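Listed below, chain by chain, are the residues.
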Amino acid sequence: MDSTASPFAQGLAAGVLRYQRCGACGQALTGQRFACTTCGSVQLAWCDAAGTGTVYAVSTVHRAPSDAWRALAPYTLVLVDLDEGPRVMAHGTPGLAIGMRVVAQPVVLAEQALVRFVAC
């Protein structure tokens, strides 16, 4: 499956952060799921997030996983609790800290469309 064909990747290309929400129980989900991880329902819908949230965790990557990322190291990864409910992992600007309010920005790194969070 072409990763650019997913609604998440299509959203990033359009500058929109997307997540899924279960129509049965209302659970917000990250990633592309085929069934709700809470209730098992297949009634999932893609939703556009406002892109705002709160930093839950921060980590700095000093050792890149591949040659494509080596030139970017060190870089910051964050877990962010989106205002809509789901927690997402993404890149972050240096200096972010737990509890900070952030907003998502689409960015291309190592020729991949990704999400980067910056302080509000």
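Residue positions are counted from 1 within each chain, in the order its sequence is given. A pLDDT threshold of at least 70 governs which residues receive local features in this predicted model, and a stricter bar of 80 or more applies before side-chain atom pairs are shown or counted, although totals over entire chains, interfaces and linings include all residues. To get the side-chain values, take all heavy atoms of the structure and skip hydrogens and water.

## Some thoughts on the environment of H91
Helix and strand definitions here come from DSSP, where helices need a minimum of 4 consecutive H or I residues and strands a minimum of 2 consecutive E residues; each element is numbered from the N-terminal end. Its location among the elements puts H91 in strand β6 (residues 87-92). Only protein chains enter the area calculation, which uses a 1.4 Å probe; residues under 20% of their type maximum are buried, those over 50% are exposed, and those in between are partly exposed. Taking relative accessible area as the criterion, H91 reaches 11% and is therefore assigned buried. Counting along the chain gives 24 residues from H91 to V115, while the straight-line C-alpha distance between them is 6.2 Å.

## Describing the sheet that holds strand β2 (residues 28-29)
Each pair of strands is called paired provided DSSP finds at least two bridges between the two strands. Judged by pairing direction, the sheet is antiparallel, and its 3 strands sit side by side in the order β2-β1-β3 without closing on themselves. The two strands at the open ends of the sheet, each matched to only one other strand, are β2 and β3 (44-48). Where strand β1 (residues 18-22) meets β3, 5 bridges bridge the pair, whose relative direction is antiparallel. Residue pairing for β3: Q20 is matched across the bridge by W46.

## Let's talk about the sheet that holds β6
Taken in spatial order, the 5 strands of this closed barrel run β4-β5-β6-β8-β7, and their pairing is mixed. This sheet shows a mean twist of 45 degrees between the axes of neighbouring strands, independent of strand direction. Two elements, strand β4 (residues 52-61) and strand β5 (residues 75-82), share 8 bridges in a ladder whose sense is antiparallel. Within the sheet, the bridge partner assigned to G53 lies in β5 and is L82. Each axis is a line fitted through C-alpha atoms, taken for helices only over the stretch in contact, and angles between the N-to-C directions span 0 to 180 degrees.

## Re the packing of aromatic side chains
Aromatic rings from Phe, Tyr and Trp, with only the six-membered ring used for Trp, were paired whenever their centres fell within 6.5 Å, and each pair was classed as stacked if the ring planes differed by under 30 degrees, edge-to-face if by over 60, and tilted otherwise. The full count for this structure, using the stated rule, is 1 aromatic pair. When the ring of W69 is compared with that of Y75, the centres are 5.7 Å apart and the planes differ by 45 degrees; the resulting orientation is tilted. Taking the relative accessible area as the measure of exposure, Y75 reaches 12% and is therefore buried. Criterion for a charge above a ring: Lys NZ or Arg CZ within 6 Å of the ring centre, and within 35 degrees of the ring normal. If you follow R87 out to its NZ or CZ, it ends over the ring of Y56, 3.4 Å from the centre.

## Things to note about the pattern of salt bridges
By definition, a salt bridge exists where a carboxyl oxygen of Asp or Glu is found within 4 Å of a side-chain nitrogen of Lys or Arg. In the structure shown here, the tally under the stated rule is 4 salt bridges. D67 is the salt-bridge partner of R70, the closest N and O atoms lying 2.1 Å from each other. Taken together, the residues R70 and D67, both in helix α2 (residues 67-70) and 3 residues apart, mark about one turn of the helix. The closest approach of N and O atoms between D81 and R87, which form a salt bridge, is 2.6 Å.

## Looking at the pairing of β1
Here β1 pairs with β2 via 2 bridges, running antiparallel. Note that in β2 the partner of Q20 across the bridge is L29. As consecutive antiparallel partners, β1 and β2 are separated by 5 residues, and within that stretch G26 has a phi angle of approximately 85 degrees, a positive value.

## Description of the layout of surface pockets
Taken as a whole, the largest pocket spans an internal volume of roughly 500 Å³. Together, 23 residues line the largest pocket, and F8, A9, L12, A113 and L114 are the ones closest to its centre. Residue assignment for the lining of the largest pocket shows that the elements contributing at least two residues are α1 (7-13), β1, β6 and β8 (112-119). Sorting elements by how many residues they give to the lining of the largest pocket places β8 first, with 5 residues. Among the residues making up the lining of the largest pocket, the classes are represented as 14 nonpolar, 8 polar and 1 charged. Every definition here rests on a 1 Å grid over the protein atoms only: cavities are sets of points where a 1.4 Å probe fits but cannot get out, pockets are open sets enclosed by protein on both sides within 12 Å along at least five of seven lines, and lining residues have some atom within 4 Å of a point. Grid points are joined across faces, edges and corners, and a volume is the space filled by probe spheres set on the points. Amino acids are sorted into nonpolar (Ala, Val, Leu, Ile, Met, Phe, Trp, Tyr, Cys and Pro), charged (Asp, Glu, Lys and Arg) and polar (every other residue, Gly among them).

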